[in-house]
Each structure stands twice: as C-alpha cells, then as structure tokens.
Amino acid sequence: MKTTEITEEILELKKKREAVILCHNYQRGELQDIADFVGDSLGLTQQAAKTDAKTIVFCGVHFMAETAAIMNPGKLVLIPDKEAGCSLAAMISGESLRRWKAEHPGAVVVSYINCTAEVKAESDYICTSTNALKIVDAIPADREILFAPDQFLGTFIQQATGRRMHLWPGYCHAHNRIDTEHIRGLKQEHPKAEFVMHPECGCLTSCMPLADKVLSTEGIIKHCRDSKAPEFIVGTEVGILHRLHRENPQKAFYPASEEAFCEFMKLNTLEKLLWSLQDLEHKVVVPEEIAKRARRAIERMLEISSPGAYVQPSEKRPVD
Ligand code: 13P
C-alpha cells in the first residue's frame with residue numbers, strides 16, 4: 001500500500017472512530033505529520049485530559065498512553081505497537097518504590113512522568129521536564145523528597161533549586177549516548193550555533209556549562225523558533241529534528257549525537273497506526289484502583305504547572 005493510501009485510510013477511520021491522534025516529539029516524522037497534536041509529555045497530558053474524542057490513539061511510548069488512560073476513565077486508548085516501552089520507566093517498579101518509601105517514612109515522592117501507572121499511584125506528585133522545578137519548589141522546604149526515576153533530571157533540579165533530594169539511579173538509554181567531548185567538537189565546528197539540551201542527558205553535569213538552554217522537548221522547539229541564532233546543536237533524541245527542520249527551514253540543526261536514538265519510540269509506524277484504528281488495538285487499560293491514585297498525583301502536577309522554561313544554568317544556585 002502506498003503512503004498516500006495509508007494516510008487517506010487513517011484519516012477516514014479517524015473520523016469513523018471519533019478518534020484523536022496524539023504524538024510525541026520523538027515519533028517518526030510521518031506520524032508527527034498526521035497527528036492532531038504533537039508535543040512534549042506535559043502538552044500531551046493536557047491534551048489527553050481535555051479531549052472530547054471517544055478514542056485516543058497515542059503515538060508515543062507505553063507510559064504516555066497509560067497517562068492518557070489514567071486521565072480518561074471509560075475512554076478507549078490505543079497504542080499502535082504494544083512493545084513501545086520506555087527503558088527509563090522500566091528502571092523502577094511499584095514494589096521497589098514502596099520499599100524506598102518505607103526507608104524514608106514521611107518523605108514526599110516526586111516521580112518523573114516517565115514511569116508506570118503503578119509508580120504514579122505510589123507518588124505524591126508527577127512532574128515533567130517542563131515543570132519539575134515548579135513542582136519541587138511547591139514542596140515545603142522542611143520536607144524530605146524522594147525523586148524517581150531519572151537521576152539526571154533530579155540532579156538538574158538540585159542544582160537549579162539548591163534543594164537536596166534522594167535520587168533514584170535511573171536514566172534514559174538514548175540520552176545516555178550524548179557525550180560532552182563530542183559537543184565540544186561540534187561547538188568548535190559551528191561557533192555560531194546555540195547548544196540546547198534536555199535535562200535527561202547522561203552527561204548533564206559536564207555538558208550543562210556548555211549549554212545555552214536546558215529545556216523540555218517542546219521548550220527546545222519553541223526556543224529554536226524564537227531565537228535569532230541561525231544554527232543549533234540539539235542535545236536530545238534525534239526524532240525532534242523532524243519538527244525543527246519542518247518549522248525552521250532556514251535554520252541548521254546538528255544532533256549532539258546521531259546515536260541518541262530511541263528504538264522504542266520508533267516502533268510505532270504509519271501502517272501500525274492504520275491497523276490500530278482498524279482493529280481497535282492495542283488497548284491500554286489501567287485498573288481503576290491504580291488509576292484513581294495515579295490521577296491524584298497527575299492532577300496535582302496540572303494544577304501547579306504552566307508552560308515555561310527552566311531556570312537557566314547561569315542562574316543556578318549550588319546544592320550545598
Ligand atoms: P519531554 O518531551 O516532556 O521533554 O520528555 C521527553 C521524554 O522523556 C520522552 O520519553
């Protein structure tokens with residue numbers, strides 16, 4: 001079947017199923033192009049929370065579709081490939097979080113949205129890379145904080161707020177492939193380029209001093225659109241380059257690492273999206289007992305957060 005035929009069928013079935021297609025910034029370009037909304041984890045959660053559509057087809061990884069299901073009890077939530085998981089979310093289970101909490105009675109648990117529904121249910125607050133600083137800032141200074149599962153986002157928050165937290169040692173395998181020496185080389189090759197990076201980068205401590213901005217994926221999109229710089233070195237998963245090129249054809253973008261590629265994100269394809277709408281598969285269901293508790297932590301985040309950038313590296317306060 002030709003791409004144009006697949007696209008036509010998807011659009012037709014989308015109407016029939018009264019469906020909305022939500023898509024993360026790291027998805028394949030052809031999925032981004034057909035989606036109703038493309039964005040970061042916060043934007044996608046906000047869209048999922050307010051949609052009137054009967055069916056949500058989530059082109060992203062499993063925890064994102066689960067978040068949409070948590071926010072929409074009773075709605076049909078589909079993911080085109082059920083194997084599209086997240087290596088970072090897999091680094092902490094509900095059981096291990098319960099054990100960690102037992103070691104720190106009374107601590108406040110802040111979990112990055114890249115975690116399972118069960119982990120969300122065990123958390124007091126969810127945060128994304130857009131609002132993590134605001135969420136942590138909203139917690140009274142005398143409260144102990146457990147932050148899971150991304151140690152690099154956790155380190156970034158500590159540096160930006162001066163707030164001590166216990167960090168779970170998780171990381172994103174794709175962002176872990178970004179390397180400071182390579183960035184130094186790219187900066188020498190492209191001296192006019194701004195360097196924008198995601199706080200999941202494994203080289204965070206050594207590459208942050210080189211960064212012009214530390215931002216969520218949507219923050220990177222917005223900054224590159226608004227900045228007068230003609231060139232950018234982009235420190236995040238390479239799927240974001242599709243939108244950057246499409247929205248800024250006159251600007252140049254260099255990936256901080258070609259290897260910052262998430263195989264799981266790329267499991268969803270245009271064909272699988274079509275099959276998903278045809279067969280109403282693969283359903284993402286979260287038991288209501290877990291969803292109820294997880295929803296509370298997500299709603300707390302939505303109340304506190306509004307779009308915006310991080311405190312920038314130059315403004316950061318030391319941890320001690
Ligand atoms: P954001 O799109 O929220 O910046 O997060 C990226 C990510 O971790 C996707 O797994």
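Quick caveat: nothing in here was measured; it's all calculated off a predicted structure.

Attention shifts here to empty space enclosed by the protein. A full pass over the atoms with the stated rule returns two cavities of 30 Å³ or more. Along its surface, the largest cavity is lined by 29 residues, and Y26, M64, N114, E200 and M265 are the ones closest to its centre. For the lining of the largest cavity, the secondary-structure elements that each account for two or more residues are α3 (41–50) and α4 (62–71). Taken as a whole, the second largest cavity spans an internal volume of roughly 50 Å³. Lining the second largest cavity are S41, L44, T45, A48, F58, F63, M64, T67, A68 and I113. Of all the secondary structure elements, the ones that give two or more residues to the lining of the second largest cavity are α3 and α4. Tallied by class, residues from the lining of the second largest cavity come to seven nonpolar, three polar and no charged.

One can find S257 in the loop between β12 (252–255) and α13 (270–279). Under the relative-accessibility criterion, S257 is labelled buried at 6%. Those residues within four positions of S257 in sequence are excluded, and the remaining contacts are R177, I178 and V238.

Conventions we followed
- Residues numbered from 1 in each chain as written.
- Predicted model: local features only at pLDDT ≥ 70, side-chain atom pairs only at ≥ 80, totals over all residues.
- Heavy atoms only, no water.
- 1 Å grid on protein atoms, 1.4 Å probe; cavity = no way out; pocket = protein on both sides within 12 Å on 5 of 7 lines; lining within 4 Å.
- Points joined across faces, edges and corners; volume = space filled by probe spheres on them.
- Helix = DSSP H or I, 4+ residues; strand = E, 2+ residues; numbered from the N terminus.
- Nonpolar A, V, L, I, M, F, W, Y, C, P; charged D, E, K, R; others polar.
- Buried < 20%, exposed > 50% of the residue type's maximum accessible area, 1.4 Å probe, protein only.
- Contact = heavy atoms within 4.5 Å.

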